[in-house]
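The primary structure of each chain is shown beneath.
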Amino acid sequence: MGELNIENHARYILSVEKKKDSFESVVMEHLRLNGAYWGLTTLDIMGKLDAVDQDEVVSWVMQCQDESGGFGGNIGHDPHILYTLSAIQVLALFDKIDVLETEKVSNYIAGLQNEDGSFSGDMWGEVDTRFSYISLCSLALLHRLDKINVEAAVKYIVSCKNLDGGFGCTPGAESHAGQIFCCVGALAITGALHHIDKDLLGWWLCERQVITGGLNGRPEKLPDVCYSWWVLSSLIMIDRVHWIDKKKLVQFILDCQDKENGGISDRPDDAVDVFHTYFGVAGLSLLEYPGLKPIDPAYALPVDVVNRIFLRR
Amino acid sequence: MSRKVKEESCVRVPICQRPEWSDVCPVPQDDGPNPIVPIAYAEEFREIMDYFRAVYLADERSPRALQLTQEAVSLNSGNYTVWQFRRVILEALNVDLHEEMDFVARIIRDNAKNYLIWHHRRWIARKFGADVASKELEITKEVLFRDAKNYHAWSHRQWVLQELGGWDEELAYCDELLEDDIFNDSAWNQRYFVVTRSPLLGGLEAMKDSEVAYAVKAILAKPENESSWRYLRALHNNSLSSLSKDPRVASVFVNVLKSKKDYVEALNLVLDLLCRHYEPSDELKNSIDAISPDSCPPGSSVAQKVCHILQVADPMRADYWEWRHSVLV
C-alpha cells in the first residue's frame, strides 16, 4: 500500500539545509531555528541524527541568543519565545542543554508572564495560548518552573476553554486543534489535566477525522498532515487516541509523501516542506509506525531525550 | 509562511545605485563561521536585507530606514525583526499612523494568515483607541469575505469588540455569514461570543429562547452540521438535564431521525441523554427502530440500538461508538 521512505526524507531534510538559490530559504531565514528543530527532530526520530555535525549546530544555536537571554530565529534577530523553545529543544536533542546559562534563559521567559497568567511572545506584547505552552515547556525542560506563577498560568489556559471542550488562542476564541495541543500540552506538563473534560474533548478531536482518513483542525476544514500531530498528541495526552481510525490516518500521512524526492506535504500531491515532514513523521511515531523512535506528545521531543532530562536528576 | 511578492508598479532601482544610500555599507547575513545552513539569496532580496542589517545594527531611525523596512516586508512579510524595527522607527519619527494603517491594509490582503501583520495592526489600533473600531471591523470583514474562517481575522475582530467596541451589528453579521455557509464554525463561535458578551444584548438567558429557535432551524436545514448541534448544547450550558427538559430539543432529533438520513449528530445527543436516564417517547423509540440495522441483537435496549446504528452509520469512529456501547449500564 504505502511505506515510509526514511532514506528519502533524511536526504530531503539534509538538502534543505544546504539548498542554494532558493527563495524559500531566503524568506524563511528569520525562522531558521524553528526549521532546525523540525528537521533535526525528524532526523532523530528516524535514527539519522548523526548525519549532522553536532558542534556546528550547537555553536550556531548559541549565536542566536540575544543579550536578554532569549533566542532569535537566526543570528542577528530579535529574541522571541518561539525560537527560545526551539533552541532549548535542539540543544536537548544533542544532550547539550548544559551549555545554556539556565538562569539567564529562564529569566527571559519568566519576564514574559503577564498579571493574568498569560504569556507574551516577546516585549511587543502579543498574547496567545501558544506562548503559554512554549513558556511552560521551556521552563520544564530547564527545571525552572519555579520562576513563574504556575497557578496563574493554568488559570489563564482554563479561561480559554470553550463549551465544546476545546481551547482557543485567547478567551472566547474558536476551538482550534493547534491551540488545543498547546493548552493540553501545557496542562499535561503542569500536572493539571483534571481541568479537561476528556470525553468531551476526545469527541471533538476524533470528529476531526474526515473520509480520507486525514485530520482537520476545525469542523468543516480540509485535512492537513500537521493536524496528525496536534490532534493526535492531544488525544494521547487525554488517553483517547483509540477513538480514531489509526490505520486510515497512517495511510493518509503516507499518501502525503513525495515518493521520489522525499519530504511530506500538507495533503496528497501538494508541495513538501520541512514543517509538514516533521509533523507527518512525528504523527507516524505517535501511531507506533515501525522503525521510528517514540516521541513524547507533550514535549514534542523523542522519549529518550525527555527521559534523559527528567530521569537524570 | 506566505511568500507573495508585491508587484512594484515602477522599475526598481537597486539600492547601491540610489544616491541617498551612498554613505551606507551593507551588512551581509552572518550564518556563522561554518554555516550549517548556507543559502543563496535572490539578488534583490539579498540587497534589501543587507542594507536593512546595516541600519538595524546602527539603530538608524530615519525616513530612509522606514522606507527600507517597507520594501523588506513587501518582499517577505514573515520577517519579525524587520516589523519590530519598523515600529521602533515609527515611534521615533512620530509618523502619522493613518498612513501606516493603509499600508498594513494593503499588505494584509496578500498575507492574511500572517501573525506579525495582525499584531502590527493591533499595535497601531491600540494607539488610536475606540475611534478606529469601525475601521478595524471593516478590515476583518474584508479578509473574512475572502476567507470566512481566517483565524487571525476572527481573533482581531474579537479583540476590537472587547477593547474598542462596535457590538451593534455583530449578531447581524453572524447571521449574514451563516446564511452564506451554515457550516462556518467560526461564525457559530462568534455568535456565542456575541450572545454571551455583548453589552447590548442582555446575556445568554435573555437570548436563549430566540437562539434555540435559530439553532433548531439550522439543524433541520443541515442535520449533519457539527457546529449547530454544539451551539444548541452550549445554549443549555452543556447541561443534559436542561436539554432533556426542552421540548424543542426532543422535537428536533425526532424530526431528523424520521428523515432517516444525516442522523449521526442527532443520535449522539440522544445517546448522551439516554445515558442520563432520559425516558424516550414512543415516537423516538419507533424512529430508532426504523433505522436499526438487522445486525442489532433482539432485546437490545434503546441505547444499545443507538450504538449499533452509529457503528454502522459512522464507521470512521466505530471504536468510539464501541466504547460508548461498552459503558452502557
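Residues numbered from 1 in each chain as written. Chains lettered and ligands numbered in written order. Predicted model: local features only at pLDDT ≥ 70, side-chain atom pairs only at ≥ 80, totals over all residues. Heavy atoms only, no water.

1. So, empty space enclosed by the protein
A complete count under the given rule lists three cavities of 30 Å³ or more for this structure. Taken as a whole, the largest cavity encloses approximately 90 Å³ of empty space. As for the largest cavity, its lining consists of His80(A), Asp122(A), Trp124(A), Glu126(A), Tyr80(B), Trp83(B), Gln84(B), Arg87(B), Leu116(B) and His119(B). Within the residue set of the lining of the largest cavity, elements represented by two or more residues are helix 3 (80-93) and helix 5 (115-128) of chain B. With four residues, the top contributor of residues to the lining of the largest cavity is helix 3 of chain B. Of the residues assigned to the lining of the largest cavity, the class counts are four nonpolar, three polar and three charged. Within this model, the second largest cavity holds a volume of roughly 50 Å³. Every residue along the wall of the second largest cavity is listed here: Glu29(A), Ile75(A), Gly76(A), His77(A), Gln29(B), Met49(B), Phe52(B), Arg53(B), Tyr56(B) and Thr81(B). With four residues, the top contributor of residues to the lining of the second largest cavity is helix 1 (residues 43-57) of chain B. Residues belonging to the lining of the second largest cavity are distributed by class as follows: four nonpolar, four polar and two charged. (1 Å grid on protein atoms, 1.4 Å probe; cavity = no way out; pocket = protein on both sides within 12 Å on 5 of 7 lines; lining within 4 Å. Points joined across faces, edges and corners; volume = space filled by probe spheres on them. Helix = DSSP H or I, 4+ residues; strand = E, 2+ residues; numbered from the N terminus. Nonpolar A, V, L, I, M, F, W, Y, C, P; charged D, E, K, R; others polar.)

2. Re the interface of chain A and chain B
Contact with chain A, which involves 65 residues of that partner, is made by 56 residues of chain B. A combined buried area of about 5,700 Å² lies between chain A and chain B, and 55% of that area is made up of carbon and sulfur atoms. There are two salt bridges connecting chain A and chain B. Across the pair Arg230(B) and Glu207(A) runs a salt bridge, and its minimum N-O distance is 2.8 Å. Where chain A packs against chain B, one counts 22 residue pairs in polar contact (both at pLDDT 80 or more). At the level of secondary structure, the elements contributing two or more residues to the side of chain A that touches chain B comprise helix 1 (6-18), helix 2 (23-27), helix 4 (54-63) and helix 10 (198-206) of chain A. (Contact = heavy atoms within 4.5 Å. Buried area = accessible area lost by both parts, 1.4 Å probe. Salt bridge = Lys/Arg side-chain N within 4 Å of Asp/Glu carboxyl O. Polar contact = N/O pair within 3.5 Å; in protein donor to acceptor, adjacent residues only side chain to side chain.)

3. Some details on the pattern of salt bridges
Counted under the stated rule, the structure contains 35 salt bridges over all chains. Where Arg240(A) meets Asp199(A), a salt bridge forms, and the shortest distance between an N and an O atom there is 2.9 Å. Placement of the pair is Arg240(A) in the loop between helix 11 (226-237) and helix 12 (246-255) and Asp199(A) in helix 10, with a sequence separation of 41 residues. Judged by relative accessible area, Arg240(A) falls into the buried class, the value being 17%. Here Asp314(B) ties to Arg317(B) by a salt bridge, and the two come within 3.0 Å at their closest N and O atoms. Looking at Arg317(B), the relative accessible area reads 9%, which means it is buried. When salt bridges that share partners are traced, they join Glu103(A), Arg144(A), Asp146(A) and Lys147(A) into one network. (Buried < 20%, exposed > 50% of the residue type's maximum accessible area, 1.4 Å probe, protein only.)

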